[in-house]
Amino acid sequence: MEGLIKAHGGRLVNRLLEDKARDEAAARAKGLKKIHLNDREISDVEMIAIGAFSPLEGFMCKDDYHSVMDTMHLKSGLPWTIPVTLSATADEAKGITPGMEVALADKSHNILAILSVEEVFAHDKEKEAIQVYGTSEDKHPGVKKVYEMGEYLLGGKISVIKRPEHAEFNDCRLDPKDTRALFTEKGWKRVVGFQTRNPIHRAHEYIQKCALEVVDGILIHPLVGETKGDDIPATVRMKCYRALIDNYYPKDRVALVVNPAAMRYAGPKEAVFHALIRKNYGCTHFIIGRDHAGVGNYYGTFDAHYIFENFDPLAIGITPMFFDYTFYCKKCTGMASYKSCPHSSEYHIILSGTKVREMLRSGICPPPEFSRPEVAAILIEAMKGQVQP
C-alpha cells in the first residue's frame, strides 16, 4: 500500500493471535488469574489489537502513563494525549507481579486476551483527572469513569485470543488495514476523517463538503463504543448517516466505517487522540470543529484547535483541518461560518441541542436549514414517547 500515510510510530500494530498461537493461548488462559474488563477497557483491547492505537501494543506502563499526562508525548517522544490503561482493585492486583500472565475477560467471562504483566503501579486518579480532563469534578463523565476505576494499573503487552463480539454494523466494521486497502482500491491519496458521536446536521455536512473540495475522499467515522447515557444511540445515528449519504453525498467519495472506541469526553486532548487514531486508519487529514469531544462547559470553544500548536506537525503526521462555528445565514441564503459571513446573528439559524430535542420529541421537524428532513424523520421516530429530562 505504498503512498498511504504511515501509521503513528511507523508501523501498524497487530496483536491478534491466529491459528495455533491462538489455540495455545486460549488453552493457557484457562489456568490464569482473570481480570474482568469494563466497557471502555474492552473497546481499548480491540483498538490496540487492530492497530488503531498504534504504536501501543498493550496497556501503558508507568513511564508512558506519566509522560502522557505531563508532556502529551510517550516516553519515546511520539505525540500522545490520553492514557490507555488497565485498572485493578487492590484485591484483583494482589499476587500479580511483573513477569506473570493474566487473562482479560468480558462481563460474560469470555477470555478476550492475555496480558503479559510488565508493571503494577499506583493509579494517580486525581492527577489523571486534572491533567487529562482539566477538572477534578466527578460531574465530568470522563473524570467519573477514572474515579470508578481500580487503585492499581497493570501495564504490559496484550495478545488477543478473541475479539469482542458485535451484533450491529458488521458491514461497516473495517480495521485500519482494511480502510487502508479500501483507500488504495479507490485511488484515494488524500483522505479526510470525520469523528462524530451525534447525528450529522447541516453544519456538519457543510464542513465535510468543504473538506471534500480539497481531498479525494472522506471517512465518516462515527464512534460506536461506550458513550454517555443521554447521547443518541449508535443504531439511530447509523440510520441517519446512511440516509444522509444516500441522498446528499457523492457515494464514490465517501466511506462509512464505525469506530469501536469508547468516548472519553476529554475535549482538546481527545481531539489530538482522535486525529492519531484516524492517521492509523489511513487518513491524511482530520476535521476539527468547535468544542471537539467536549462536554458541558469544561473547554473553550476552540481549545481543540489551539492544542495542536503544542506539537511538531511532522510528529503528528496527520493534517488537522480547523473549522469555525457554522450555520445557515438567511442573508447569504446559504451555509456559512463566522469566517465567511459578514451578517449579524439575527440572520443566522442556530438552534441549541435542547431546543432541537424538544422539537423532535414533539414531532416537529427542525427547519431544513438546520437538519435534512430525512435525518429529522429518523430522529422523530426514535424519540417518540421520550420524556424531557
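Refer to the structure above for everything that follows.
Residues numbered from 1 in each chain as written. Predicted model: local features only at pLDDT ≥ 70, side-chain atom pairs only at ≥ 80, totals over all residues. Heavy atoms only, no water.

Asks: Break down the pattern of salt bridges for me, citing the residues and quoting the values.
Replies: Considering all chains together, one arrives at 21 salt bridges under this definition. The shortest N-O distance in the salt bridge between Lys162 and Glu165 comes to 2.7 Å. Since its relative accessible area comes to 66%, Glu165 is described here as exposed. Note that Lys177 and Asp178 form a salt bridge whose closest N and O atoms lie 3.1 Å from each other. The network of salt bridges with common partners includes Arg11, Arg15, Glu57 and Lys157. (Salt bridge = Lys/Arg side-chain N within 4 Å of Asp/Glu carboxyl O. Buried < 20%, exposed > 50% of the residue type's maximum accessible area, 1.4 Å probe, protein only.)

Asks: Give me the packing of aromatic side chains: which residues, what numbers.
Replies: For the structure on display, the rule yields 8 aromatic pairs. A ring pair is formed by Phe183 and Trp188, whose centres lie 5.7 Å apart and whose planes are at 25°; its orientation type is stacked. For the pair shown, Phe183 and Trp188 are each scored as buried. Put simply, the rings of Phe53, Trp80 and Phe273 touch in pairs and so form one group of aromatic residues. Arg372 extends its terminal NZ or CZ atom over the ring of Tyr248, reaching a point 3.8 Å from the ring centre. (Phe/Tyr/Trp six-rings, centres within 6.5 Å; stacked < 30°, edge-to-face > 60°. Lys NZ or Arg CZ within 6 Å of the ring centre and 35° of its normal.)

Asks: Explain the nonpolar core to me, using residue names and the numbers behind them.
Replies: As a rule of thumb, soluble globular proteins bury nonpolar side chains together. Ranked by size, the top nonpolar core spans 73 residues in total, and within it Phe53, Trp80 and Leu104 carry the most contacts. Counting residues per element, this core draws most heavily on helix H10 (residues 268–280), at 6 residues. Membership of the second largest hydrophobic core comes to 34 residues, among which are Phe169, Leu212, Ile220 and Leu244. (Core = buried A, V, L, I, M, F, W, Y, C linked by side-chain atoms within 4.5 Å. Helix = DSSP H or I, 4+ residues; strand = E, 2+ residues; numbered from the N terminus.)

Asks: With reference to specific residues and values, describe the sheet that holds strand E13 (residues 334–337).
Replies: Spatially, E13-E12-E14 is the arrangement adopted by the 3 strands of the open sheet, whose pairing is antiparallel. Both outer strands of the open sheet, E13 and strand E14 (348–349), are each paired with one neighbouring strand and no more. As judged from the 4 bridges shared by strand E12 (residues 326–329) and E13, these two strands associate in the antiparallel manner. For Cys329, the partnering residue across the bridge sits in E13 and is Gly334. Contacts between helix H8 (residues 202–212) and the sheet are confined to E12 and E13, with E13 contributing the most and set at about 75° to the helix. (Pairing = 2+ DSSP bridges. Contact = heavy atoms within 4.5 Å. Axes fitted to C-alpha atoms, helices over the stretch in contact; angles between N-to-C directions.)

Asks: Pulling in residues and values, what's your account of helix H6 (residues 141–148)?
Replies: Among all positions in H6, only Gly142, Val143, Lys145 and Val146 are buried. The arc enclosing the buried residues of H6, seen along the axis, measures out at 160°, which places them on a common side. For H6, the elements touching its buried residues are helix H2 (39–49) and helix H5 (125–133). (Arc of directions from axis to C-beta.)

Asks: Tell me what's going on with the pairing of strand E5 (residues 111–122), and back it up with residues and numbers.
Replies: Both strand E4 (residues 101–105) and E5 contribute to a ladder of 5 bridges, which runs antiparallel. Bridged to Val102 within E5 is Leu115. Counted along the chain from E4 to the antiparallel partner E5, the turn is 5 residues long, and its residue His109 has a positive phi close to 70°. Looking at chain direction, E5 and strand E6 (residues 152–160) are connected through 9 bridges and run antiparallel. Looking at the pairing, Ala122 lines up with Tyr152 of E6.

Asks: Kindly report on unusual backbone geometry, identifying the contributing residues and their values.
Replies: Following Ser54, the chain continues into Pro55 via a peptide bond in cis, with omega recorded as 15°. Position of Pro55 relative to the elements: it lies in the loop between H2 and strand E2 (58–59). Here the phi dihedral of Phe169 falls at roughly 65°; this positive angle occurs in a residue that is not glycine. You can see Phe169 is positioned in the loop between E6 and helix H7 (176–186). According to the relative accessible area criterion, Phe169 is buried, its value standing at 12%. Positive phi values are uncommon outside glycine, yet Ala293 reaches one of about 60°. With respect to the secondary-structure elements, Ala293 resides in the loop between strand E10 (285–288) and helix H11 (303–306). On the basis of relative accessibility, which here comes to 7%, the residue Ala293 falls in the buried class.

Asks: Could you give an account of the sheet that holds strand E9 (residues 254–256), naming the residues involved and the relevant values?
Replies: Strand order in the open sheet made by the 5 strands is E9-E8-E7-E10-E11, with parallel pairing throughout. Unpaired on one side and paired on the other, E9 and strand E11 (319–322) mark the two borders of the sheet. Here the strands of the sheet are splayed against their neighbours by 25° on average, with no regard to which way each runs. Here E10 runs beside E11; their pairing, made up of 4 bridges, is parallel. Of the residues in E11, the one forming a bridge with Ile288 is Phe322. In the packing of helix H9 (residues 234–248) onto the sheet, the strands contacted are strand E7 (191–196), strand E8 (217–222) and E9, and the crossing angle to E9 comes to about 165°.

By themselves, these figures tell us nothing about what the structure is for.
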